[in-house]
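Given next are the chains, with one letter for each unit.
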Amino acid sequence: MMAEDLVNHTTGNGWFIAQHRWQAHRNENSWETFLAWRFYYQIIANANMIIKYIDDATGPTRDKEFIKGQALAYRAWSYHQLVQIYAKRYDWNNKPNVQLGVPLVLEPTTEGLPRETVEKVYEQINADLTQAAALLEGKTITHQTTSPKSHITRQIALGLHARVALTQGDWAKAAQLANQARAGRPLMNQAQLLDG
């Protein structure tokens, strides 16, 4: 709900009112600040372990590519969340975005790293999502014909990439990626949307 297309101006909405008002993540004493930081960097740490070591694991190449593609997509998604929370917004009118973003941790490590620019973080997000979509093309779990909803597929990676393109103001790329993400999946009509 921290997107630019929603404003929560009422009170009494529970725990997340400070997040919706863009206050919690700007307060260094807020538990939400630590919670989000730790949550996304834990996902990144796990993804980095997979990305670094999956190629040397035993098993079918197809399965390893499926796992690696998901890890890249998770890492990209996590960085997209982090850079929106802890940095000034991507400004598509002032490129390159040299304002400080978040540390870019791309290897398994417990060492702290300096903040990178917002531009460099988005470059990595885009590179990860491009590679994820390529690795996930035509892939499912070996013994299944479709992936469980808990797994990131190529269409989901493309959808995430479309969302990142929207954040960067690249409308044409966002439309192209969104159309690829929903190819073969018609939009729901009103009755289907309200059918649970």
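Our subject in this report is the structure included herewith.

Criteria and thresholds
Residue numbers restart at each chain and count upward from 1, following the sequence in its written direction. Confidence filtering applies because this is a predicted model: local features only for residues at pLDDT of at least 70, side-chain atom pairs given and counted only at 80 or more, and all residues used for totals across whole chains, interfaces and linings. Side-chain metrics in this entry use all non-hydrogen atoms of the structure; hydrogen atoms and water are not considered. The numbering of helices and of strands both runs from the N terminus, where a helix is a DSSP run of H or I of at least 4 residues and a strand a run of E of at least 2. The cut-offs for exposure are 20% and 50% of the maximum accessible area for each residue type, with area from a 1.4 Å probe on protein chains only; residues under the lower value are buried, those over the upper are exposed, and the others partly exposed. Throughout, a residue-residue contact means that at least one pair of heavy atoms, one from each residue, lies within 4.5 Å. For every accessible area listed, the method is Shrake-Rupley and the probe measures 1.4 Å; residues are considered covered only by the protein chains on display. To qualify as a nonpolar core, a set must consist of buried Ala, Val, Leu, Ile, Met, Phe, Trp, Tyr and Cys residues joined through side-chain atoms within 4.5 Å. We define a salt bridge as a side-chain nitrogen of Lys or Arg found within 4 Å of a carboxyl oxygen belonging to Asp or Glu. Axes here refer to lines fitted to C-alpha atoms; in helices the fit is confined to the stretch in contact. Angles between the N-to-C directions go from 0 to 180 degrees. An angle below 35 degrees is read as roughly parallel, one above 145 as roughly antiparallel, one from 65 to 115 as roughly perpendicular, and any other as oblique. By convention, the crossing between two helices is left-handed when the near helix turns anticlockwise from the far helix through less than a right angle, and right-handed when the turn is clockwise. Residue type decides the class: Asp, Glu, Lys and Arg count as charged, Ala, Val, Leu, Ile, Met, Phe, Trp, Tyr, Cys and Pro as nonpolar, and the leftover types, Gly among them, as polar.

### Considerations on the overall build of the protein
Tallying secondary structure elements over the protein gives seven helices and two strands in all. If you list the helices and strands of the protein from N to C, you get α-α-α-β-β-α-α-α-α. Taken across its 196 residues, the protein has 38% of its residues classed as buried. In the protein, 57% of the contacts between residues at least 6 apart in sequence involve partners at least 24 apart. Accessible surface computed for the protein: about 12300 Å², of which carbon and sulfur atoms make up 56%.

### Focus on unusual backbone geometry
For the bond from Lys 95 to Pro 96, the omega torsion is -5 degrees, close enough to zero to count as cis. Along the chain, Pro 96 turns up in the loop between α3 (61-86) and β1 (100-103).

### What to know about the nonpolar core
Core analysis: the largest hydrophobic core is formed by 32 residues, its most contacted members being Tyr 79, Leu 82 and Ile 125. Of all the elements in the fold, those that place two or more residues in this core are α2 (31-53), α3, α4 (118-136) and α5 (154-167). With residues up to four places along the chain from it excluded, the contact list for Tyr 79 reads Tyr 41, Ile 44, Val 102, Pro 103, Leu 104, Val 105, Leu 106, Val 121 and Ile 125. Grouped together as the second largest cluster of nonpolar side chains are five residues, Leu 158, Ala 162, Leu 177 and Ala 181 included.

### Examining the environment of Arg 89
Tracing the backbone through its elements, the reader meets Arg 89 in the loop between α3 and β1. Between the alpha carbons of Arg 89 and Thr 167 there is a distance of 8.5 Å; along the sequence they are 78 residues apart.

### Points about the pattern of salt bridges
A side chain of one charge can pair with a side chain of the opposite charge when the charged atoms of the two come close. The final tally for this structure, using the stated rule, is five salt bridges. Between Asp 128 and Arg 75 there is a salt bridge, and its shortest N-O distance comes to 2.7 Å. Here Asp 128, found in helix α4, pairs with Arg 75, found in helix α3; they are 53 residues apart in sequence, far enough to count as distant. Judged by relative accessible area, which is 2%, Asp 128 ranks as buried. Taking the relative accessible area as the measure of exposure, Arg 75 reaches 5% and is therefore buried. Across the pair Arg 154 and Glu 137 runs a salt bridge whose closest N-O atoms are separated by 3.8 Å. Of this pair, Arg 154 sits in helix α5 while Glu 137 sits in the loop between α4 and α5; the two residues are 17 residues apart in sequence, bridging distant segments of the chain.

### Some words on the side chain of Asn 97
By the secondary structure assignment, Asn 97 is in the loop between α3 and β1. If we ignore the near neighbours within four places in the chain, the residues touching Asn 97 are Arg 89, Tyr 90, Asp 91, Thr 117, Val 118 and Glu 119.

### A word on the packing of α3 against α4
Packed helices, taken two at a time, are described by the angle their axes make and the gap between the axes. Where α3 meets α4, the axes come as close as 8 Å, and the angle between the chain directions of the two elements is 155 degrees. If you check the angle between α3 and α4, you find them roughly antiparallel. Crossing hand, α3 versus α4: left-handed. Looking at the contact of α3 with α4, its residues break down into 14 nonpolar, six polar and four charged.

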